[in-house]
Number of protein chains: 4
Amino acid sequence: MHHHENRAILLVTCQDKPGIVAAISTLLFNHHANIVQSDQYSTDHEHGRFFMRIEFEWQKDQAHFRSIQQALQSLAATHDFTYKLEEAQRKKQMAIFVSKENHCLSELLWKWKAGELYADIPLVISNHPDTQVEVESYGIPFYHIPATKENREEAEAAAIALLKEHNIELVVLARYMQILTSTFVSQFPQRIINIHHSFLPAFIGANPYAKAFERGVKLIGATAHYVTDDLDEGPIIEQDVIRVDHRHSAKDLRIVGRNIERIALARAVQWHLDDRCIVHQNKTILF
Amino acid sequence: MHHHENRAILLVTCQDKPGIVAAISTLLFNHHANIVQSDQYSTDHEHGRFFMRIEFEWQKDQAHFRSIQQALQSLAATHDFTYKLEEAQRKKQMAIFVSKENHCLSELLWKWKAGELYADIPLVISNHPDTQVEVESYGIPFYHIPATKENREEAEAAAIALLKEHNIELVVLARYMQILTSTFVSQFPQRIINIHHSFLPAFIGANPYAKAFERGVKLIGATAHYVTDDLDEGPIIEQDVIRVDHRHSAKDLRIVGRNIERIALARAVQWHLDDRCIVHQNKTILF
Amino acid sequence: MHHHENRAILLVTCQDKPGIVAAISTLLFNHHANIVQSDQYSTDHEHGRFFMRIEFEWQKDQAHFRSIQQALQSLAATHDFTYKLEEAQRKKQMAIFVSKENHCLSELLWKWKAGELYADIPLVISNHPDTQVEVESYGIPFYHIPATKENREEAEAAAIALLKEHNIELVVLARYMQILTSTFVSQFPQRIINIHHSFLPAFIGANPYAKAFERGVKLIGATAHYVTDDLDEGPIIEQDVIRVDHRHSAKDLRIVGRNIERIALARAVQWHLDDRCIVHQNKTILF
Amino acid sequence: MHHHENRAILLVTCQDKPGIVAAISTLLFNHHANIVQSDQYSTDHEHGRFFMRIEFEWQKDQAHFRSIQQALQSLAATHDFTYKLEEAQRKKQMAIFVSKENHCLSELLWKWKAGELYADIPLVISNHPDTQVEVESYGIPFYHIPATKENREEAEAAAIALLKEHNIELVVLARYMQILTSTFVSQFPQRIINIHHSFLPAFIGANPYAKAFERGVKLIGATAHYVTDDLDEGPIIEQDVIRVDHRHSAKDLRIVGRNIERIALARAVQWHLDDRCIVHQNKTILF
């Protein structure tokens with residue numbers, strides 16, 4: 001995606017009914033905005049849901065953008081649709097949570113520095129000090145918040161305070177090995193992305209690679225999903241697999257698997273940052 | 001795709017400029033047509049080309065559809081766009097050309113019978129009799145037109161006559177081992193799909209598997225493309241690859257490869273039949 | 001694999017210990033047999049299992065082959081290993097079971113006729129008449145044995161009688177929608193291959209595509225496995241997946257999925273026929 | 001692979017003839033060495049080449065290993081085979097060459113630190129200073145050797161001196177944008193691995209992504225190969241591809257492509273380090 005100065009992304013969700021595309025595209029045309037790319041999908045045209053993503057460009061003037069914002073607000077009220085309007089140029093504020101293993105973290109940081117992830121990263125939080133040097137080498141503040149079963153509430157409160165302080169809009173769990181409480185999750189609805197080290201729903205829970213080894217699977221996978229209160233049950237954003245064979249020990253599967261984990265997670269984060277994901281019930285629409 | 005009775009696909013191409021989406025979607029809304037799915041893409045928003053594919057539904061009445069047709073015709077003149085409007089329910093007339101090897105033919109026939117390829121197949125033409133029994137077992141007429149360098153013009157004339165007689169809209173070269181003249185090609189612009197047995201542009205020309213074997217590649221591929229006068233140079237619709245290794249002889253590559261050929265060709269044919277391909281210069285836009 | 005007249009495949013399994021490779025390769029050398037390809041693997045060199053597959057060629061003479069057979073029998077007794085010795089040229093006797101859906105059957109029959117599956121197919125058995133014409137068009141006898149919960153024992157007895165009569169060595173369940181009793185399974189240990197229409201162990205049991213749709217997965221898969229008494233729990237031979245997205249209905253997943261099912265099943269059958277699979281506990285070693 | 005203290009890898013190449021496997025496995029057995037894994041392949045059993053890779057374990061004693069070495073040397077002379085014997089535990093000395101773009105370098109360094117690449121990296125050489133901080137953060141010395149057409153000989157001489165000083169056994173060109181002279185290449189036969197940013201032999205030479213964009217391909221690829229005097233023509237070790245579509249600009253292809261480049265290169269390096277590659281004529285045998 002191109003993050004030009006005068007480009008915006010509009011995500012729309014509503015009960016499907018005729019005329020929404022016409023109303024929105026006419027609004028944009030009347031405001032001299034040009035649609036650069038658009039995707040639309042309806043679950044079922046009779047009683048279904050309508051989803052749309054539009055990238056458009058406006059004339060280089062914030063007043064102009066604000067007038068589009070206001071017009072959309074009115075239109076949404078009239079037509080009863082939910083929408084999200086984002087300036088493409090604005091970087092989202094993203095925090096990364098990590099434990100000891102750094103493969104997902106390293107991938108995200110490398111892609112971020114290479115310009116493939118369009119975000120600011122004001123902080124990384126970890127329950128272990130292991131990745132501090134790496135994080136700080138990117139000029140990113142690192143916060144060590146030890147977390148145990150005993151201090152979970154305090155630790156989460158400290159984390160939430162930091163996230164709020166930095167206006168964090170996306171939390172990425174890059175192999176963060178603590179379970180988050182529903183208090184935490186409810187603060188960031190559809191804004192926490194986790195990587196699960198299996199092809200969900202296979203091998204839900206702990207030690208998926210050990211279970212995969214026991215079962216003798218010929219492919220192992222990874223699943224990036226939004227976090228909900230139901231562990232490993234949130235809306236799936238991305239999945240990928242890699243071929244393995246009888247020569248792989250359980251430990252080998254873990255090593256091979258982390259190369260899929262980091263790729264699947266990075267893709268999911270990128271799509272979220274580019275406003276390509278809409279969550280509907282327990283699924284994602286990816287444009 | 002769903003081939004409902006009252007559904008249509010509209011493909012639009014033009015010089016990019018503001019207002020096209022608004023104009024078309026308003027037209028459809030005014031005619032009580034509901035947009036079910038839409039995709040839009042512009043090569044470059046300043047001086048670029050605009051491409052759009054819309055699936056919509058109208059009220060169950062041919063008069064209603066004709067009024068949409070007429071309105072579109074006027075709009076296209078006003079806004080200077082090119083378009084193609086297809087009723088989803090109407091089956092395209094497709095002919096298959098084949099030589100001796102039947103793997104691509106068998107795949108197409110199986111998928112056609114299974115309902116995955118939405119078309120009528122009024123005839124299969126071959127320069128060899130080998131596949132006659134198979135073709136006729138599907139109730140499809142088989143025409144044996146021997147083709148050699150000497151009789152090429154006559155053979156092509158006979159084929160063209162048959163294709164015209166059956167109002168053929170798509171010619172699929174399912175491993176047809178004769179080169180078509182530009183006379184033939186010009187009769188079916190962007191309506192002949194060929195499968196080339198390599199990952200183009202690698203191994204252009206004859207015997208790609210022998211060349212791939214010589215080069216020691218680790219993947220072999222296949223390329224489905226529209227046929228133009230430039231051999232192996234037409235717009236690519238689909239490509240796929242499969243992993244091979246040092247144990248594969250040139251003959252093994254050919255056997256492995258045909259399993260990729262048939263899959264890539266069937267996908268390309270399906271996308272064409274579902275009006276998902278727009279050719280622009282020497283490339284395809286796939287919605 | 002090349003099914004030459006004077007080529008054989010030797011599969012060996014035993015407790016790992018030094019000297020097995022030396023003993024067997026020396027035996028073959030002493031009998032003027034040349035090793036063409038060999039693969040060997042041990043689960044763990046201390047107290048592990050040893051697996052080996054050797055392709056070798058002998059001088060063109062059945063007496064010569066028999067002398068190798070006898071020598072191997074003695075050696076196996078001395079060294080306490082289990083082995084299987086197969087002439088590459090001999091075609092295995094394979095039966096296919098099918099219900100109504102023909103996608104896996106068609107793939108197997110096409111590949112068989114194309115020479116990619118090295119076997120004889122003396123019969124196809126079905127609990128429905130739907131595929132009779134297709135099967136018989138290949139010159140293969142078709143047996144319609146209706147199977148219900150009520151007549152399961154009789155139906156299985158009839159099937160077993162036919163399989164025994166034709167000396168069937170491999171039973172392929174090509175989307176056969178009846179559960180086999182343990183009586184049946186025990187007659188063909190590690191010689192029944194089933195295709196399950198999901199990426200096991202995800203979506204065990206009935207209606208995996210409906211479950212996959214509900215869960216919103218981004219990949220769907222298929223699993224070819226040996227049948228044991230534990231439904232969907234037998235040793236996995238092959239798995240594959242294909243990418244899907246939010247636009248796929250549950251029905252679309254089924255259509256997309258059958259294209260993966262047929263490919264995964266055909267690969268598993270081919271590997272079995274080429275003596276590439278060794279079952280160890282609940283896993284397969286694939287050479 | 002497991003780099004145990006008392007494990008070795010033996011690679012053997014020779015004219016194919018009966019008895020080699022027997023001779024070598026008997027030698028190992030007689031020296032109380034246990035074969036842990038073995039792979040063997042012959043190009044053609046009549047007048048072909050024989051290739052074998054054996055992993056074996058000996059009793060924990062260097063004297064024991066030396067006696068195996070001596071015995072092998074004699075056997076090689078008798079049977080006229082070429083071999084390479086490597087202790088699995090010994091780390092190869094690897095140098096990385098890089099220019100400005102760091103994606104391949106970062107991948108190699110991350111995998112090296114994660115233990116996935118079993119080597120020492122005594123130095124990184126670059127014709128630009130851009131990656132110095134990153135390299136040194138891993139504790140690896142960084143040498144900046146500016147290279148231009150004018151000073152190529154001197155620059156190469158300086159690099160060769162450094163490589164010799166550090167006993168470098170493998171040179172990895174991780175997007176090093178200078179052409180090496182045949183003087184350089186001849187110093188490291190089959191020991192220089194390059195990553196080419198296309199699916200060779202498509203798009204040989206400069207600017208492959210621009211060419212791929214022009215051709216409208218639907219997959220882009222990367223090729224890791226040994227460097228020979230013929231540019232882009234050396235033996236291929238690994239290739240991989242990724243799907244792209246009409247929305248990718250030439251610049252997007254470059255960004256997507258580097259994610260395939262780094263993966264393909266890292267795999268090729270790993271296989272080389274684990275002694276899995278044998279070069280035969282212009283191809284690789286990968287065990």
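Colleague: I'd like a rundown of unusual backbone geometry, residues and numbers included.
Modeller: The omega torsion across leucine 200 of chain B and proline 201 of chain B is 5°, close enough to zero to call that bond cis. The backbone of aspartate 80 of chain A shows a phi angle near 60°, a positive value even though the residue is not glycine. Position of aspartate 80 of chain A among the secondary structure elements: in the loop between helix H2 (62–79) and strand E4 (82–87). The backbone of aspartate 232 of chain B shows a phi angle near 65°, a positive value even though the residue is not glycine. Examined against the element boundaries, aspartate 232 of chain B turns out to sit in the loop between strand E10 (219–226) and strand E11 (236–243). Residue aspartate 232 of chain B is classed as buried on the basis of its relative accessible area, which comes to 6%.

Colleague: Account for the packing of aromatic side chains, naming residues and giving values.
Modeller: Applying the stated criterion to the full structure yields 26 aromatic pairs over all chains. Measuring from ring centre to ring centre gives 6.1 Å for phenylalanine 81 of chain C and tyrosine 83 of chain C, while their planes differ by 80°; the resulting arrangement is edge-to-face. On the accessibility criterion, phenylalanine 81 of chain C (6% relative accessible area) is buried. Between the aromatic rings of phenylalanine 97 of chain C and tyrosine 176 of chain C, the centroid separation amounts to 5.2 Å while the plane-to-plane angle is 90°, which identifies the pairing as edge-to-face. On the criterion of sequence distance, the pair formed by phenylalanine 97 of chain C in strand E5 (residues 92–98) and tyrosine 176 of chain C in the loop between strand E8 (170–173) and helix H6 (182–187) is long-range, its members being 79 residues apart. Accessibility expressed as a relative area gives 2% for phenylalanine 97 of chain C, which makes it buried. Taken together, the ring pairs in this structure connect Phe97, Tyr176, Phe184 and Phe188 of chain A into an aromatic cluster.

Colleague: Please give an account of the sheet that holds strand E4 (residues 82–87) of chain C that cites residues and values.
Modeller: In spatial order, the strands read E4(C)-E1(C)-E3(C)-E2(C)-E2(D)-E3(D)-E1(D)-E4(D); together these 8 strands make up an open sheet with antiparallel pairing. Edge strands, defined here as strands with exactly one partner in the open sheet, are E4 of chain C together with strand E4 (82–87) of chain D. Strand-to-strand twist in this sheet, taken as the mean axis angle between neighbours without regard to direction, amounts to 15°. Relative to the sheet, helix H1 (residues 20–30) of chain C contacts strand E1 (7–15), strand E2 (34–42) and strand E3 (49–57) of chain C together with strand E2 (34–42) of chain D, its axis offset from that of E3 of chain C by approximately 15°. Packing against the sheet, helix H2 (residues 62–79) of chain D makes contact with strand E1 (7–15), strand E3 (49–57) and E4 of chain D, and its axis sits at approximately 170° to E4 of chain D.

Colleague: Could you give an account of the relation of the copies chain A and chain C, naming the residues involved and the relevant values?
Modeller: Of the two same-sequence chains, chain A is brought onto chain C (RMSD 0.1 Å, axial shift 0.0 Å) by a rotation of 180°. The symmetry that links the two subunits is that of a two-fold axis. Nearest to the rotation axis, the C-alpha of alanine 202 of chain A is located 2.2 Å from it, this being the minimum over chain A. Taken together, the interface assignments show that 100% of the residues at the interface of chain A recur at the interface of chain C, consistent with an identical surface on both copies.

Colleague: So what's going on with the interface of chain C and chain D? Residues and values would help.
Modeller: Taken together, the contact pairs 21 residues of chain C with 21 residues of chain D. In total, about 1800 Å² of surface goes out of reach between chain C and chain D, with carbon and sulfur atoms giving 50% of it. For the pair chain C and chain D, the interface holds 0 salt bridges. The interface formed by chain C and chain D holds 6 residue pairs in polar contact (both at pLDDT 80 or more) in total. Of all the elements in the fold, those that place two or more residues in the side of chain C that touches chain D are H1 and E2 of chain C. Here the element with the most residues in the side of chain C that touches chain D is E2 of chain C; it accounts for 9 residues. In terms of residue class, the side of chain C that touches chain D is made up of 7 nonpolar, 9 polar and 5 charged. With 5 bridges joining them, E2 of chain C and E2 of chain D adopt antiparallel strand pairing. Directly across from tyrosine 41 of chain C, in E2 of chain D, lies its bridge partner glutamine 37 of chain D.

Colleague: Before we move on, can you summarise the pairing of E1 of chain D with the specific residues and values?
Modeller: Residues and elements named next belong to chain D. Taken across its 9 residues, E1 has 8 buried, putting it largely inside the fold. As judged from the 9 bridges shared by E1 and E3, these two strands associate in the antiparallel manner. Paired with leucine 10 across the strands is isoleucine 54, a residue of E3. Both E1 and E4 contribute to a ladder of 6 bridges, which runs antiparallel. Among the inter-strand pairings, leucine 10 is bridged to a residue of E4, identified as leucine 85.

Thresholds, definitions, all that
- Residues numbered from 1 in each chain as written.
- Chains lettered and ligands numbered in written order.
- Predicted model: local features only at pLDDT ≥ 70, side-chain atom pairs only at ≥ 80, totals over all residues.
- Heavy atoms only, no water.
- Helix = DSSP H or I, 4+ residues; strand = E, 2+ residues; numbered from the N terminus.
- Buried < 20%, exposed > 50% of the residue type's maximum accessible area, 1.4 Å probe, protein only.
- Phe/Tyr/Trp six-rings, centres within 6.5 Å; stacked < 30°, edge-to-face > 60°.
- Pairing = 2+ DSSP bridges.
- Axes fitted to C-alpha atoms, helices over the stretch in contact; angles between N-to-C directions.
- Contact = heavy atoms within 4.5 Å.
- Least-squares fit on C-alpha atoms with pLDDT ≥ 70 in both.
- Buried area = accessible area lost by both parts, 1.4 Å probe.
- Salt bridge = Lys/Arg side-chain N within 4 Å of Asp/Glu carboxyl O.
- Polar contact = N/O pair within 3.5 Å; in protein donor to acceptor, adjacent residues only side chain to side chain.
- Nonpolar A, V, L, I, M, F, W, Y, C, P; charged D, E, K, R; others polar.

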